[in-house]
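# Commentary on secondary and tertiary structure
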Amino acid sequence: MRITLVHALKHSLVPIEDAFARLWPETTRMNLLDDSLSADLARDGRLTEAMTGRFLSLGRYAAATGADAILFTCSAFGPCIEAVARAQAPMPVLKPNEAMIEQAVALGRQIGLLATFAPTLASMPQEFPASVKIVPKLAEGALAALDRGDRAEHDRLVAEASRDLRDCDLIALAQYSMAPAAALVAEASGRPVLATPDSAVTKLKQMLA
């Protein structure tokens, strides 16, 4: 199986490659990184038609390489990814968090959504069903620390922010880049923690294997 992974943050590559190595190593992966996607979304403050067009172009490129499926790892671009899924049907096109959301909804009714990229908290809550309550929380400064190469500070800030979500049934880490902090978040919050990469790989394997 050939899986195209599309990233808007360079920090997503290692966590998703690690998940594939552990859970589905037989696949061939192709990584497409365009970190201007996240920078332009932060600048514009909203998803635009032009942004959707860029995602459609990425989808066409992935399909042209012979991909069996596309997994986007960028959590702030849900509507753009849905457009790719419609355009490339019946090829499986997964949003980064849809598998984790399915798990989270099965486990609790009040879900803490922890992110380091502010636009994620504007778009991702809409992907959850109305039957659950989402409590959003931004880990201020964590992404900037990761951009400086300070993973330890990133993880500390994420864990610290999670303390505000201790009244939730569980905590969902909104971005792939946050997955290495899952154990620290569980320790700091005392809540069950879901990270996106393992959930996504497991779902793709079920769909394709």
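Quick caveat, the model's predicted, so the values are computed rather than measured.

## Considerations on the overall build of the chain
A count of helical and extended segments in the chain gives 10 helices and 8 strands. Overall, the chain is about 45 × 40 × 35 Å in size when its C-alpha atoms are taken along their principal axes. Counting the 209 residues in the chain, one finds 52% classified as buried. Carbon and sulfur atoms make up 52% of the accessible area of the chain, which amounts to about 9100 Å² in all.

## Notes on the sheet that holds strand 4 (residues 93-94)
Read across the open sheet, the 4 strands follow the order 2-1-3-4; overall the sheet is parallel. Looking along the sheet, the strands with just one partner apiece sit at the ends: strand 2 (28-33) and strand 4.

## Points about helix 8 (residues 151-162)
Between its first and last C-alpha, helix 8 extends 17 Å over 12 residues, near the 16 Å set by a 1.5 Å rise per residue. Listed in full, the buried residues belonging to helix 8 are His154, Asp155, Leu157, Val158, Ala159, Ala161 and Ser162.

## A closer look at the pairing of strand 2
Of the pairings in the sheet, the one linking strand 1 (residues 2-7) to strand 2 comprises 6 bridges and is parallel in character. The partner of valine 6 across the bridge, within strand 2, is leucine 32. Note on the crossover from strand 1 through helix 1 (residues 13-23) to strand 2: the handedness is right-handed.

## Points about the pairing of strand 6 (residues 133-138)
Where strand 5 (residues 110-115) meets strand 6, 6 bridges bridge the pair, whose relative direction is parallel. Bridging across to strand 6, leucine 113 finds its partner in proline 136. This β-α-β element, strand 5 to helix 6 (residues 118-123) to strand 6, shows right-handed connectivity.

## Brief notes about the nonpolar core
Judged by nonpolar contacts, the single largest core of 22 residues is most densely connected at Leu37, Met51, Phe55, Ile70, Phe72 and Phe77. At the level of elements, strand 2, helix 2 (36-44), helix 3 (49-64), strand 3 (69-72) and helix 4 (78-88) are the ones that each hand at least two residues to this core. Of the residues forming this core, the biggest block, 4 residues, is contributed by helix 3. Leaving out residues up to four positions away in the same chain, methionine 51 has contacts with Leu37, Asp40, Leu41, Phe77 and Cys80.

## Observations concerning the side chain of serine 38
Assignment of secondary structure puts serine 38 in helix 2. Here alanine 8 takes part through its backbone oxygen, which lies 2.8 Å from a polar atom of the side chain of serine 38. For serine 38, the residues in contact, after removing those within four places along its chain, are Ala8, Leu9, Phe77 and Phe117.

## Description of the environment of proline 119
You can see proline 119 is positioned in helix 6. With 74 residues separating them in the primary sequence, proline 119 and glycine 45 have C-alpha atoms 7.3 Å apart. Not counting residues within four places of it along the chain, the set of residues in contact with proline 119 comprises Leu41 and Ala76.

## Quick word on the sheet that holds strand 8 (residues 193-194)
Strand order in the open sheet formed by 4 strands is 6-5-7-8, and the pairing between neighbours is parallel. Across the chains shown, the open sheet's two edge strands, defined by having one partner strand only, are strand 6 and strand 8. The pairing of strand 5 with strand 7 (residues 170-173) spans 4 bridges and is classified as parallel. The residue bridging leucine 113 from the neighbouring strand is alanine 172, located in strand 7.

Procedures and definitions
- Each chain carries its own residue numbering, running from 1 in the written order of its sequence.
- Residues qualify for local features only when their pLDDT is at least 70, as the model is predicted, and side-chain atom pairs are given and counted only at 80 or more; totals for whole chains, interfaces and linings, by contrast, use all residues.
- Based on all heavy atoms of the structure, the side-chain values leave hydrogens and waters out of the count.
- Put simply, DSSP marks the helices as runs of H or I at least four residues long and the strands as runs of E at least two long, and each gets a number from the N terminus on.
- A simple rule labels every residue: compare its accessible area, found with a 1.4 Å probe on the protein chains alone, to the largest value its type can have, and call it buried under 20%, exposed over 50%, or partly exposed in between.
- All accessibility values rest on the Shrake-Rupley procedure with a 1.4 Å probe; residue burial counts only the protein chains present in the view.
- If DSSP finds at least two bridges between two strands, the strands pair.
- Expected span, for any helix, means 1.5 Å times one less than how many residues it has.
- Handedness rule for crossovers: strands pointing away from the viewer, path from the first strand over the helix to the second running clockwise, crossover right-handed.
- What is meant by a nonpolar core is a set of buried Ala, Val, Leu, Ile, Met, Phe, Trp, Tyr and Cys residues, joined one to another through side-chain atoms within 4.5 Å.
- Contact criterion: two residues are considered in contact whenever any of their non-hydrogen atoms come within 4.5 Å of each other.
- Two N or O atoms count as a polar contact when they lie within 3.5 Å, although within protein this holds only if one can serve as hydrogen donor and the other as acceptor, and sequence-adjacent residues are included solely when both atoms are side-chain atoms.

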